Amino acid sequence: MKNYNLIVNSFEVPDHIQGDRKVFYIFARNGNEDLGSLFGKTIKNSAFVEMLNVGLNERGNGIGSALLNRFVQEAKENGARDIRATIGSLDIPKLEEFYRKNNFEIDDEYATMRL
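Anyway, here's the lowdown on the structure attached to this text.

Calculation notes
Residues numbered from 1 in each chain as written. Predicted model: local features only at pLDDT ≥ 70, side-chain atom pairs only at ≥ 80, totals over all residues. Heavy atoms only, no water. Helix = DSSP H or I, 4+ residues; strand = E, 2+ residues; numbered from the N terminus. Buried < 20%, exposed > 50% of the residue type's maximum accessible area, 1.4 Å probe, protein only. Contact = heavy atoms within 4.5 Å. Areas by Shrake-Rupley, 256 points an atom, 1.4 Å probe, with all protein chains shown as cover. Pairing = 2+ DSSP bridges. Axes fitted to C-alpha atoms, helices over the stretch in contact; angles between N-to-C directions.

**Examining the overall build of the protein**
On a plain count of helices and strands, the protein comes out with three helices and seven strands. Order of helices (α) and strands (β) in the protein, N terminus to C terminus: β-α-β-β-β-α-β-α-β-β. With 115 residues in all, the protein has 34% of them scored as buried. In the protein, 46% of the contacts between residues at least 6 apart in sequence involve partners at least 24 apart. Total accessible area computed for the protein in this model is approximately 7200 Å², and 42% of it derives from carbon and sulfur atoms.

Here it is in structure tokens:
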């Protein structure tokens, strides 16, 4: 397993664009090597995983879970009561398994975690 650091970049979206919204980019890096990333957002009391990506050679090493757990932490700190990720039309059993392993409930379209 590689050592890696999680780097969090976030910014609030100005009210005139869309109020009560914050955007997060979380990266897993080993030196200059990108191992994975998560893009998510909070809107009012909800959070959304927009994109979660871990390199093919890095999967199974806990990087995706580390990225997701860090986003859960950030979402809680920003007042989110739930987190949702769209999985609907993808029909990827490993994706559903990943979210279940990370304490999300699965329905036809979403993986959801209540905070």
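**What about the sheet that holds strand β6 (residues 105-106)?**
Within the open sheet, the seven strands sit side by side as β1-β2-β3-β4-β5-β7-β6. Their pairing is mixed. Pairing within the sheet leaves two strands with one partner each, and these edge strands are β1 (5-12) and β6. Pairing geometry for strand β2 (residues 21-30) and strand β3 (residues 33-43), over 10 bridges, is antiparallel. Across the sheet, the residue bridging to Val23 is Lys41, located in β3. In the packing of helix α2 (residues 63-77) onto the sheet, the strands contacted are β1, β2, β3, β4 (46-54), β5 (82-86) and β7 (110-114), and the crossing angle to β4 comes to about 160 degrees.

Everything listed here is a matter of geometry and, on its own, says nothing about what the molecule does.
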